[in-house]
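# Coordinate inspection notes
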Amino acid sequence: MIDFSKYTDGLAPVIIQDAATQQVLMLGFMNAEALEKTKKEGKVTFFSRNKQRLWTKGETSNNFLLVKEILEDCDADTLLIKAEPQGPTCHTGDISCFGKANDRFSLQELEKVIRDRRNNPTEKSYTASLFAKGINKIAQKVGEEAVEIVIEAKDDNKDLFLGEAADLLFHYLVLLQAKGFELNDVLEVLAARHKK
């Protein structure tokens, strides 16, 4: 349990981390009331030192930070909150207040693109055309890509093997989206199995 009395102002530092990418998004401060509201509502709420009041991140921008996990450090004087950002975290428009520390392309970024193609289809989009063909065709495409990677695995052509691996992964993510799931849902299953 965080001991807010350790601080003269009653404010403990809180590190916010993207639950999916592990990127550090921002640092803020909470008092006991802010922590309680965060737990109750599932949205990160700080105590704003400038405004001298509770402040829910996203209350004006709708770029909320949805709580996935709250952890304390070993001294019980700092919090780490793993959250799902609902847009840019920084007022500058960057995902992180520490700049573009994670410019590397990620599976989460790919999932966002796939989701956008599903929700906002265009005629030129290959991904949108997959969704238009329906679940059976998407599942069939995953099967085809799985066979192709097995064939390439038997040879020693790195480029062809990695190309097929990328194709399989992409189409698998499309299938997950078509079924209403995301990679995090699969990771949760794997994490539960790992604990057994």
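Remember, it's a predicted structure, so these values are computed and weren't measured experimentally.

## Some thoughts on the overall build of the protein chain
- Helix and strand counts for the protein chain come out as 6 helices and 6 strands.
- Over its C-alpha trace the protein chain gives a radius of gyration of 21 Å, far above what one expects of a compact globule, namely 16 Å for 196 residues.
- Based on the C-alpha atoms only, the size of the protein chain along its principal axes is roughly 65 × 40 × 30 Å.
- Counting over 196 residues, the protein chain shows a buried share of 34%.
- Carbon together with sulfur atoms contributes 53% to the accessible area of the protein chain, which is approximately 12400 Å² in total.

## Quick look at the pattern of salt bridges
- A full pass over the atoms with the stated rule returns 6 salt bridges.
- The partner of Lys-141 in a salt bridge is Glu-144, with the nearest N and O atoms 3.9 Å apart. One end of the pair is Lys-141 and the other is Glu-144, both in helix H4 (residues 135-153) and 3 residues apart, which spans about a single turn.
- The partly exposed category is assigned to Lys-141, whose relative accessible area is 22%.
- A residue is classified by how much of its surface remains accessible, and Glu-144, at 34% relative accessible area, is partly exposed.
- Ionic pairing is found between Glu-145 and Lys-141, a salt bridge with its closest N-O pair at 3.3 Å.

## Let's talk about the nonpolar core
- Judged by nonpolar contacts, the single largest core of 19 residues is most densely connected at Val-14, Ile-16, Met-30, Val-44, Phe-46, Leu-65 and Ile-81.
- Setting aside residues up to four positions removed in sequence, Ile-16 forms contacts with Gln-23, Val-24, Leu-25, Met-26, Val-44, Phe-46, Leu-65, Ile-81 and Ala-83.

## Details of the domain arrangement of the protein chain
- Splitting the protein chain by domain gives domain 1 (4-85) and domain 2 (107-195).
- Distance between the C-alpha centres of domain 1 and domain 2: 34 Å.

## A word on the UniProt feature "domain: Phosphoribosyl-AMP cyclohydrolase" (unreviewed entry) in the protein chain
- Here, the residues flagged by UniProt with the feature "domain: Phosphoribosyl-AMP cyclohydrolase" (unreviewed entry) are residues 26-98.
- Overall, residues 26-98 shows 14% helix and 38% strand. The separation of its end C-alpha atoms is 7 Å.

## Some thoughts on the environment of Asp-155
- Following the sequence through the fold, Asp-155 ends up in the loop between H4 and helix H5 (158-178).
- Sequence separation between Asp-155 and Ser-96 is 59 residues; the distance between their C-alpha atoms is 42 Å.

## A short note on the packing of aromatic side chains
- Taken as a whole, this structure holds 2 aromatic pairs when the rule is applied.
- Centroid distance Phe-46 to Trp-55: 5.6 Å. Interplanar angle 25°. Geometry classified as stacked.
- Phe-46 sits in the buried class, given a relative accessible area of 2%.
- Lys-43 extends its terminal NZ or CZ atom over the ring of Phe-64, reaching a point 4.0 Å from the ring centre.

## Re the packing of helix H3 (residues 126-133) against H5
- Contact geometry for H3 and H5: axes closest at 11 Å, N-to-C directions at 50°. With respect to H5, the axis of H3 lies oblique. The element H3 and its partner H5 pack so that their crossing is right-handed. Contact residues: Tyr-126, Thr-127, Leu-130 and Phe-131 in H3; Phe-170, His-171, Val-174, Gln-177 and Ala-178 in H5.
- When its residues are assigned to classes, the contact of H3 with H5 shows 6 nonpolar, 3 polar and no charged.

The rules behind the values
Residues numbered from 1 in each chain as written. Predicted model: local features only at pLDDT ≥ 70, side-chain atom pairs only at ≥ 80, totals over all residues. Heavy atoms only, no water. Helix = DSSP H or I, 4+ residues; strand = E, 2+ residues; numbered from the N terminus. Rg over C-alpha atoms; globule rule 2.2 N^0.38 Å. Buried < 20%, exposed > 50% of the residue type's maximum accessible area, 1.4 Å probe, protein only. Areas by Shrake-Rupley, 256 points an atom, 1.4 Å probe, with all protein chains shown as cover. Salt bridge = Lys/Arg side-chain N within 4 Å of Asp/Glu carboxyl O. Core = buried A, V, L, I, M, F, W, Y, C linked by side-chain atoms within 4.5 Å. Contact = heavy atoms within 4.5 Å. Domains from an automatic or database assignment. UniProt positions renumbered as here; feature names shortened; annotations may be inferred. Phe/Tyr/Trp six-rings, centres within 6.5 Å; stacked < 30°, edge-to-face > 60°. Lys NZ or Arg CZ within 6 Å of the ring centre and 35° of its normal. Axes fitted to C-alpha atoms, helices over the stretch in contact; angles between N-to-C directions. Parallel < 35°, antiparallel > 145°, perpendicular 65-115°, else oblique. Left-handed = near helix turned anticlockwise from the far one by under 90°. Nonpolar A, V, L, I, M, F, W, Y, C, P; charged D, E, K, R; others polar.

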